[in-house]
Each structure stands twice: as structure tokens, then as C-alpha cells.
Amino acid sequence: MSTHDQAALPTDMDALVVEEAGEWSIETVETPNIDQTDNVLCKVDTVSICGTDPKIFHGDVDGWPPSFPFTPGHEWAGTVVETGEDVSRLSPGDRVFAETHHGCGYCENCRNGKYNLCENYGDFDSGHRQIGHTSSGAYAEYIAAPADTLYHLPESISFTEGALLDVNAIALYLAERGNIGPAANVAVIGTGTVGLLAIQNAKALGAGNVIAIGSEDRNTVGAELGADHTIPYTDDDVVEQVMELTGDVGVDVTLEAAGTSSSFSQAVAITRKGGTVSLDGIPKVNHQEIPMADLVTEEIEFRGCRAHANLAEASARLVENGTVDVSALVTHEFSFNEFETAYETFVDRHDGAIKVALHV
């Protein structure tokens, strides 16, 4: 069944287990076995904490996880230790990074390459997986994952950087969905991880002027990463400032990465007639007040973004050639057994924490 001697693998491993919503600990569990779907076993080197993880830990998102106990974790990189017989492009010893989505492979969206929008989302019998969301994740020493979620990690990219390549692909998708043209004026609302990476990816796609709107400390980082102007989101005149910077026209593209009630309406207000709003932020409440008349009469296009599809390798190339710097976002690093400290550092934003990495 495999290309690796199973006797060399430990039967048990350490993993973070969320026993029920709000209760978790590092436990000794069985090392996963590969099967026909989760057909590659990897040794996790680095896993970073995502803003979605606390929601999963507390059961705040319907279906994430589908049940408890559960091991989350979806931003990771590591080394292949075992592969199924049907896997030919990966071998034990390969350095890899991962994306989260694995579609069923046969629904219309999957056949069209949009496996992030798989029609059989959450249906295990169909083969669908979203690593660390609906299936077991990477807060563990080992992870079993579908081969098509794994990509070769270039030698010049560290495992720590590799753990951020998937979220960088999400930011790249956000920028792509914005239809950024040469020298475009672009606003990025939200200077969290995706927003800070979106600043860089917008520039990579040709943006001439990027305005970052976020917290003052994160705006400082945004400026260091290429934002031409920054505006504190707490200012009462954010829209007026954007208009002043764009000759009272508005930006060509707004990349929304905050997911707040005010950010959606603000995105419409700062986007020019005929412009595009690309949205990654997911609000806590589904129904939002959006100026629909303005969307219609000004022909502003709203485009949602769910993770990404087929951009993992492009993300790696942008980091490998220095166009995007993901390492600048890694503010804290801990060993896996320091998880509680790492988690508190991330959630409470101790010492300006942005990305917190755990080495397993």
C-alpha cells in the first residue's frame, strides 16, 4: 500500500485535540494511516495559527469541525514520510507545503477547476476534504492528506515561510478577483494577514497606488511592505481621505479583508464608478446593509473570494523570487509544546503579534 516501511513510523504521536468547544490539550494519539483518499503521510515541521482557528476551537462556525474531538490546523509545511501506491509525483523525503481544499473531483465546479467551491463540500463519502476544517489537521506531529493538496517546497523557502504559502495564495486570489489593471488605484481594507499580503500581491499584479486602511500598528507594517498611503480605520473621514488621494474619483479596485459591517459599505463608497470590490472578509452576521442602489447605478462589481484554487505554485514563485515577503509577518515562533503561550500571544496580539508559528 505504501512506499515507506511502516515499521519505521511511531505508532503514537502528539496532537492538539479539541475535546469539545472551548476545551483542548496536547494528547498522545495514534499516528494516522494513509488510505485511498488521504494518501500521503507527512511529518509536520511548522504550523502557523490562523485567525479562523480560534473560531474552530470554540465551535463558532457551523460545520467546522463537523464533530468533536477534533485536531485543527491548516497552515503548515513539512516532509513526506509515506505515500500510497497511486502517488507518483511525491516521494518520502520531499519538502512540501499544503493548501486546505480537496474537492470531490467529479462535480461541475471541480471539473472546471473550482474545487474550492466543490458542490459536495463536507461530504466525506464523496471524497471532499478541507484540511483542519472538516478533516483532521496539522496541529500534530504527523498529518495524512490527499496528494493533490501538497506541493513541492522550493529549497530556498523555509518551512516557516512554507506554512504561509497557502494564505498568500488566498491574498493573491483576492487581488486577482479584483481585476487589477496596470497602474490601478487600489484600496485594501483590513491590515491583518490577508490584507498585508494583498498589498504585496496587488503591487505584483501592477497596482500603481495602494491605500491601506487598518489599525495604526498594522498600517506601519503595511507601509513597510509597499502601501503608498495608510489610513487608520478609526478615522471618521476614511472615505474623504481616499477621495482626496484619488482626485475625488475613488479607487479602481477595493480589496476587502476585514469582514465588518462598516467595511462593506465603506468599500462601495470608496470605489469608483465601474470599479470592482473583491471580498475575502467573512462577517459574523450573514445579512449586511450594503448600498445596493449605488452598486447598480454605478456598476460596481462585487466579487466574493473563497480561499483559492490552483494558485499555490504561483504563491510559492512570488515568495521565491522576492516579490512577496511572507517572513515579515512572522512575529513570534514557539515549539509545539508551548501551544498555550503561542495561542494567547496570537489571540491577545501580545507584542504586536501578526503570525505566530509553531515548530513541531
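Going along each chain's sequence as written, the residues are numbered from 1 onward. Totals for whole chains, interfaces and linings use all residues, but because this is a predicted model, local features are given only for residues with pLDDT of at least 70 and pairs of side-chain atoms are given and counted only at 80 or more. Hydrogens and waters are ignored; side-chain quantities use all the structure's heavy atoms.

**Q** Can you break down the overall build of the protein residue by residue, with the values?
**A** Only DSSP runs of H or I with at least four residues qualify as helices, and only runs of E with at least two residues qualify as strands; both kinds are numbered from the N terminus onward. Secondary structure assignment for the protein yields eleven helices and 17 strands. As a reference, a globule follows 2.2 Å times the number of residues to the power 0.38, and the radius of gyration itself is taken over C-alpha atoms. Its C-alpha atoms give the protein a radius of gyration of 21 Å, within 12% of the compact-globule value 21 Å for 360 residues. Taking the principal axes of the C-alpha coordinates as reference, the protein spans close to 70 × 45 × 40 Å. Once local pairs closer than 6 in sequence are excluded, the contacts in the protein between residues at least 24 apart make up 70%. Any pair of residues with heavy atoms lying within 4.5 Å of one another is described as a contacting pair.

**Q** Would you mind going over the pattern of salt bridges in detail, with residue names and values included?
**A** One speaks of a salt bridge when a side-chain nitrogen belonging to Lys or Arg is within 4 Å of a carboxyl oxygen belonging to Asp or Glu. Summed over the entire model, instances satisfying the criterion amount to five salt bridges. Across the pair R129 and D38 runs a salt bridge whose closest N-O atoms are separated by 3.5 Å. Taken together, the positions of R129 in strand β7 (residues 129-130) and D38 in the loop between β2 (23-30) and β3 (40-48) put the pair 91 residues apart, joining distant regions of the chain. Considered together, R129 and D38 belong to a single accessibility category, that of buried residues. Taking the shortest distance from any N to any O, the salt bridge between K355 and E75 comes out at 2.8 Å. You can see K355 sitting in strand β17 (residues 355-359) and its partner E75 sitting in strand β4 (residues 75-83), a full 280 residues away along the chain. Only protein chains enter the accessibility calculation, which uses a 1.4 Å probe; a residue is then buried when its area is under 20% of its type maximum, exposed when over 50%, and partly exposed in between.

**Q** Please provide a residue-by-residue account of a negative patch on the surface, values included.
**A** Candidate patch residues must exceed 30% relative accessible area and have no salt bridge, after which like charges are joined if within 9 Å and Val, Leu, Ile, Met, Phe, Trp or Tyr side chains if within 5 Å. Here the Shrake-Rupley method, with its probe set to 1.4 Å, supplies the accessible areas, and only the displayed protein chains count as covering residues. Positive charges come from Lys and Arg, negative ones from Asp and Glu, while His and the chain ends are left out of the count. The atom standing in for a charge is NZ when the residue is Lys, CZ when it is Arg, CG when it is Asp and CD when it is Glu. The grouping of D236, D237, E240, E244 and D248 at the surface amounts to a negative patch. Within the secondary structure layout, D236 lies in the loop between β12 (229-232) and α7 (238-245). Looking at D236, the relative accessible area reads 81%, which means it is exposed.

**Q** Go over the sheet that holds strand β13 (residues 251-256) with me, naming the residues and quoting the values.
**A** The strands that make up a sheet pair up through hydrogen bonds in the backbone, lying either parallel or antiparallel. Two strands are said to pair when DSSP picks up at least two bridges between them. If you trace the six strands from one edge of the open sheet to the other, you get β12-β11-β10-β13-β14-β15, paired in parallel fashion. Each edge of the sheet is formed by a strand with only one pairing partner; in this case those strands are β12 and β15 (301-304). Pairwise comparison of adjacent strand axes, ignoring direction, gives a mean angle of 15° for this sheet. Inspection of the sheet shows strand β10 (residues 185-189) paired to strand β11 (residues 209-214) by five bridges, in the parallel sense. Angular values range over 0 to 180 degrees, each being the angle between N-to-C directions of two axes fitted as lines to C-alpha atoms, with helices fitted over their stretch in contact.

**Q** Quick one: what's the story with the side chain of T134, residue by residue and with numbers?
**A** On the secondary structure map, T134 appears in the loop between β7 and β8 (142-145). Relative accessible area serves as the criterion here: at 5%, T134 is assigned to the buried category. With sequence-adjacent residues up to four places away left out, T134 is seen in contact with G63, W64, P66, F70, Y121, F124, H128 and R129.

**Q** Now, about the packing of aromatic side chains: what can you tell me, with residues and values included?
**A** Two rings from Phe, Tyr or Trp (for Trp, the six-membered ring) form a pair when their centres are within 6.5 Å of each other. A pair whose planes differ by under 30 degrees is stacked, one over 60 is edge-to-face, and the rest are tilted. In the structure shown here, the tally under the stated rule is eight aromatic pairs. One aromatic cluster in this structure is built from W24, F57, Y139, F339 and Y343. The lysine or arginine in question, R306, covers the ring of Y121, its NZ or CZ lying 4.6 Å from the ring centre. Two thresholds decide whether a charge sits over a ring: the Lys NZ or Arg CZ must be within 6 Å of the ring centre and within 35 degrees of the ring normal.

**Q** Please provide a residue-by-residue account of helix α11 (residues 339-347), values included.
**A** Residues of α11 that are buried: F339, A342, Y343, T345 and F346. All buried residues of α11 project into a common sector of 160° when viewed along the axis, lining one side. Contacts made by the buried residues of α11 are with β1 (12-20), β2, α1 (53-57), β16 (330-335) and β17. Looking one or two residues past α11, R349 carries a phi angle of roughly 55°, positive in sign. Each C-beta atom gives one direction from the helix axis, and the arc is the one those directions make.

**Q** How would you explain the environment of C104 if you had to name every residue and give the values?
**A** Its location among the elements puts C104 in the loop between β6 (101-102) and α2 (108-111). Judged by its relative accessible area of 13%, C104 is buried. Linking C104 and D125, residues 21 residues apart in sequence, is a C-alpha distance of 9.0 Å. Leaving out residues up to four positions away in the same chain, C104 has contacts with C110, C118, N120, S126 and H128.

**Q** I'd like to hear about the nonpolar core, residue by residue, with values.
**A** Across soluble globular proteins, nonpolar side chains have a tendency to be buried as a group. Buried residues of nine kinds, namely Ala, Val, Leu, Ile, Met, Phe, Trp, Tyr and Cys, make up a nonpolar core once their side-chain atoms join them within 4.5 Å. With 55 residues, the main nonpolar core has F97, I180, V186 and L255 as its most contacted residues. Contributions of two or more residues to this core are made by α4 (165-177), β10, α5 (193-204), β11, β13 and α10 (312-320). For this core, the leading source of residues is α4, giving nine residues.

**Q** I'd like a rundown of unusual backbone geometry, residues and numbers included.
**A** A cis amide bond links W64 with the next residue in sequence, P65, at an omega value of -10°. Here P65 lies in the loop between α1 and β4. Put simply, F68 and P69 share a cis peptide bond, and its omega is 0°. Checked against the element boundaries, P69 lands in the loop between α1 and β4. For N179, which is not a glycine, the phi torsion comes out positive at approximately 55°. Secondary-structure assignment places N179 in the loop between α4 and β10. Phi is positive for E299, which is not a glycine, with a value near 50°.

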